[in-house]
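One letter stands for each residue in the lines below.
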Amino acid sequence: MAAAGGARLQSDVRHKDAATPANTIADRILRTCSTISRTKQFIGLLRDRVVGGTLRFCGRQVGIGDVDAAAQQVRKVWLVRRARAQNRQTEANSLSNAEFIFHRIILRCDGPKGAVRYLAMLKRTAGQQNRSGRIFSQDDVVQAQAELRKWFQAQQAEWQTPGRLKAKAAKATSGSSSSSSSSSSSSSSS
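Residues numbered from 1 in each chain as written. Predicted model: local features only at pLDDT ≥ 70, side-chain atom pairs only at ≥ 80, totals over all residues. Heavy atoms only, no water.

Confidence in the prediction for the protein averages 76 pLDDT; 74% of positions are at 70 or higher. Between the elements of the protein, mean pLDDT differs from a low of 40, seen in helix H1 (residues 2–18), to a high of 91, seen in helix H6 (residues 112–124). Between residues 1–17, whose pLDDT stays under 50, and residues either more than four places distant or in other chains, the model counts one contact. Predicted confidence is poor over residues 177–190, with pLDDT under 50, and the contacts of this stretch with residues over four places away or in other chains come to zero contacts. (pLDDT = per-residue confidence, 0-100. Helix = DSSP H or I, 4+ residues; strand = E, 2+ residues; numbered from the N terminus. Contact = heavy atoms within 4.5 Å.)

Structure (structure tokens):
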């Protein structure tokens, strides 16, 4: 019995040091709600459930002020998310079609083989509007293909630096000398 009371006291201390109730509520809202409308519903539900000025939330007593502070924090996070999304959209709109194709392939494809498949698909659908709302021409695809070829060659050259080649050559020579010495030792034992 005493151990259970001690455990409860210890958990209460941990919660007091961890975060404010508003932070706990805001964190839960941001983890569970993926849209602004769902966030508003969740906050409204919390406000409605505050009975007698307090509500038990995640094992803690919270008041209407904590819910309002959490709502303010969540609004700030959603504003930042919206601004980031608009910046990404603006950046994507400012790219030429060839640059857009280049960046999309670099993000989606692991290597040249995947890029070739993606470019083949783009060549087949040239002249048609795609999901991004763009219409790629054959010239856009060819220009992106040339840039990708340069990029993949640069990546391959970077991967095979002189230090790596020397280490590879040293390993190959040490491997061949050990095999020749083992063959000479086996011939002498006969």
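Turning our eyes to something else, we now look at the side chain of Thr39. Along the chain, the position of Thr39 falls in helix H3 (residues 36–49). Setting aside anything within four residues of it in sequence, one finds Thr39 in contact with Ile29, Cys33, Val74 and Trp78.

Counting 17 residues, the largest nonpolar core has Ile25, Ile29, Phe42, Leu46, Phe57 and Val67 as the members making the most contacts within it. Take this core: its biggest share by element is five residues, from helix H4 (residues 64–94). If we skip the residues at most four places from it in the chain, Val67 touches Ile25, Ile43, Leu46, Arg47 and Val50. Among the nonpolar cores identified, the runner-up in size contains 15 residues, and Ile101, Phe102, Ile105 and Phe152 belong to it. (Core = buried A, V, L, I, M, F, W, Y, C linked by side-chain atoms within 4.5 Å. Buried < 20%, exposed > 50% of the residue type's maximum accessible area, 1.4 Å probe, protein only.)

So, about the pattern of salt bridges. It is possible for side chains bearing opposite charge to pair when their charged atoms get close. Counting across every chain of the model gives three salt bridges. Between Asp27 and Arg31 there is a salt bridge, and its shortest N-O distance comes to 3.1 Å. Of the two residues, Asp27 and Arg31 both sit in helix H2 (residues 21–32), four residues apart, roughly one turn of that helix. Across the salt bridge formed by Lys150 and Glu147, the nearest N and O atoms sit 3.7 Å from each other. With Lys150 and Glu147 both in helix H7 (residues 138–159), this residue pair falls three residues apart, about one helical turn. (Salt bridge = Lys/Arg side-chain N within 4 Å of Asp/Glu carboxyl O.)

Moving on: the pairing of strand E1 (residues 54–57). Burial of the side chains of E1 is restricted to one face: Leu55 and Phe57 are buried, whereas none of Thr54 and Arg56 on the reverse face is. Bridging between E1 and strand E2 (residues 60–63) involves four bridges; their strand directions are antiparallel. Pairing of Leu55 across the sheet is with Val62, part of E2. The hairpin formed by E1 and E2 contains two residues between the paired strands, and Cys58 there has a positive phi angle of roughly 55°. (Pairing = 2+ DSSP bridges.)

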